[in-house]
Every structure is written in structure tokens, then in C-alpha cells.
Amino acid sequence: MFGYSKKDLIGKNTRMLYENEEEYERVGELLYRHYNKKGIGKADARLKRKNGSLVDVHICTSPINPGDLSEGVIFTILDITEQKITQKMLLEYKKAVESSEDSICVLDRDYKYIFANKAYLKLRSKTWNEVVGHTTEEITGKNAFNKYFKKQADSADRKSVV
């Protein structure tokens, strides 16, 4: 993941893996704080590969012997770079949907709202809390639900827009 050989790492301080001193200190504090609360340290970090490129990771630490930290600590490091990229993309999509003038909502299989954008809420003269978590029938009324929404929702598949 980092491009270092075993020889490159043995006897070295983990500080060399961090992009800077501030990140090293921040992550160390988080790991220590989590360890004191739960016995396992966890933190997200940005680490540096041997070639200088950066990688987003999730670090978990656990002592070999919780009663004697001098026996060592086991570290697991998971590359979460793609997850971070996906999170950023989802936030951009959310901004686009939220700012759309089109009325957009998402229903689950029970016709319960799991999302409604501002345009949809404005059209219905409702707040987020008045819509999300409620069924379409509760919001539109039984007649409108059966006449308009149920048929459309039932005919929709995952690839269609209603």
C-alpha cells in the first residue's frame, strides 16, 4: 500500500508515514483518546507513500497485551481513498438535487419518503420532518395516493424516473 520494503520500516518511527507533523499529532491524539475509552484506537488519516503520493486510510490499533503496552501494539490500516472520493461525489450530487428547481423525492418500497428536495417540500408546503419518514398516502391523502402515486410508483423500476 505504501511502497516501502520491510527493511525500510523496521526500527523507524511511524511519523515518516504522515504527510506532516500536524497530521501525526492529530491522529496520535485520536488513537490515544479512542484507546482510553474503548481499548481500541481508531482514526482516519492521510498518510504518505514512499513515492510521496497521499492515501486516505482508516487506522485501528489494539495492544497485544492490554495490561502491558510495552509488549507492542497491532495496527491495521485500510485504504479508504475510493470511499472518500465517493463521499465527495455524493455530496456534490446532493447539492445538485437540493438546489434543483425540479420537485424530487425518493420513496422506499413501502411508499415511505426517504428524501425530498426543497422544491418538493415547497410544492407540498411541508417541512423535511413533515415528509421524510412518512408514507406518500399520509402526505398526499388516500385518494390522490391511489389515483396517481401508487400506480406510478408500482410501475417504476430502479432505472426509471416517475
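Keep in mind that this is a model prediction, so the values were computed, not measured.

Student: What is the right way to read the packing of aromatic side chains from this model?
Tutor: Pairs of aromatic rings are described using the distance from one ring centre to the other and the angle between the two planes. As enumerated under the stated definition, the model contains four aromatic pairs in all. Considering the side-chain rings of Y111 and F145, the 5.1 Å spacing of their centres and the 75 degrees angle between planes classify their relative orientation as edge-to-face. In this pair, Y111 is assigned in the loop between β4 (105-107) and β5 (113-116) and F145 in helix α7 (residues 142-155), connecting sequence segments 34 residues apart. Of the two residues, Y111 and F145, both sit in the buried class. Note on F115 and W128: the rings are 5.8 Å apart at their centroids and 75 degrees apart in plane angle, and the pair reads as edge-to-face. A residue pair is termed long-range when its members are at least 10 positions apart, and F115 in strand β5 and W128 in helix α5 (residues 128-131) qualify at 13 residues.

Student: Whenever I open this one, the pairing of strand β2 (residues 54-63) confuses me. Can you help?
Tutor: For β2, the buried fraction is high: seven of the ten residues fall into the buried class. Judged from the eight bridges that link them, strand β1 (residues 41-48) and β2 form a sheet pairing that is antiparallel. Looking across to β2, one finds that K42 is bridged to C60. With antiparallel pairing between neighbouring strands as the criterion, β1 and β2 make up a hairpin whose turn holds five residues, including G52 at a positive phi of roughly 95 degrees. In the sheet, β2 pairs with strand β3 (residues 73-79) via seven bridges, with the strands oriented antiparallel. Across the sheet, residue V57 finds its bridge partner in β3, namely D79.

Student: Would you explain the pairing of β5 in this entry?
Tutor: The two faces of the sheet receive side chains in turn, since in a regular strand these alternate between them. Where β4 meets β5, three bridges bridge the pair, whose relative direction is antiparallel. Residue pairing across strands places C105 opposite A116, the latter belonging to β5. Counted along the chain from β4 to the antiparallel partner β5, the turn is five residues long, and its residue Y111 has a positive phi close to 65 degrees.

Student: Explain the side chain of N117 to me, please; I cannot follow it from the model alone.
Tutor: Structurally, N117 can be placed in the loop between β5 and α4 (118-124). Within the structure, the side chain of N117 is placed 2.9 Å from the backbone nitrogen of Y120, a separation counted as a polar contact. Not counting the four nearest positions on each side in its chain, N117 is found in contact with V97, E98, S100, D102, S103 and I104.

Student: Which parts of the structure should I look at to understand a nonpolar patch on the surface?
Tutor: A surface patch of nonpolar side chains, about 420 Å² in accessible area, is lined by I85, M89, L90 and Y93. Summarising the element assignment, M89 is placed in helix α3 (residues 81-99).

Student: Even after reading the chapter, I still don't get the nonpolar core, so can you show me in this structure?
Tutor: Within soluble globular proteins, side chains that are nonpolar generally end up buried alongside one another. Among the nonpolar cores identified, the biggest contains twelve residues, and these are F2, L17, Y18, V27, L30, L31, A43, A45, L47, V55, V57 and I59. Sequence-distant contacts of A43, that is, excluding residues within four places in its chain, are made with V27, L30, L31, V57, H58 and I59. Ranked by size, the runner-up nonpolar core spans six residues in total, among them Y113, A116, Y120 and L121.

Student: Help me understand the pattern of salt bridges, please; the structure alone is not making it clear to me.
Tutor: Oppositely charged side chains can form a pair if their charged atoms are brought close together. Under the criterion given, the structure shown has nine salt bridges. Between R33 and E29 there is a salt bridge, with the nearest N and O atoms lying 3.5 Å from each other. Of this pair, R33 and E29 both sit in helix α2 (residues 21-38), four residues apart, which is roughly one turn of the helix. The shortest N-O distance in the salt bridge between R46 and D56 comes to 3.1 Å.

Definitions and cut-offs
Residues numbered from 1 in each chain as written. Predicted model: local features only at pLDDT ≥ 70, side-chain atom pairs only at ≥ 80, totals over all residues. Heavy atoms only, no water. Phe/Tyr/Trp six-rings, centres within 6.5 Å; stacked < 30°, edge-to-face > 60°. Helix = DSSP H or I, 4+ residues; strand = E, 2+ residues; numbered from the N terminus. Buried < 20%, exposed > 50% of the residue type's maximum accessible area, 1.4 Å probe, protein only. Pairing = 2+ DSSP bridges. Polar contact = N/O pair within 3.5 Å; in protein donor to acceptor, adjacent residues only side chain to side chain. Contact = heavy atoms within 4.5 Å. Patch = residues over 30% accessible without salt bridge, like charges linked within 9 Å, V, L, I, M, F, W, Y side chains within 5 Å. Areas by Shrake-Rupley, 256 points an atom, 1.4 Å probe, with all protein chains shown as cover. Salt bridge = Lys/Arg side-chain N within 4 Å of Asp/Glu carboxyl O. Core = buried A, V, L, I, M, F, W, Y, C linked by side-chain atoms within 4.5 Å.

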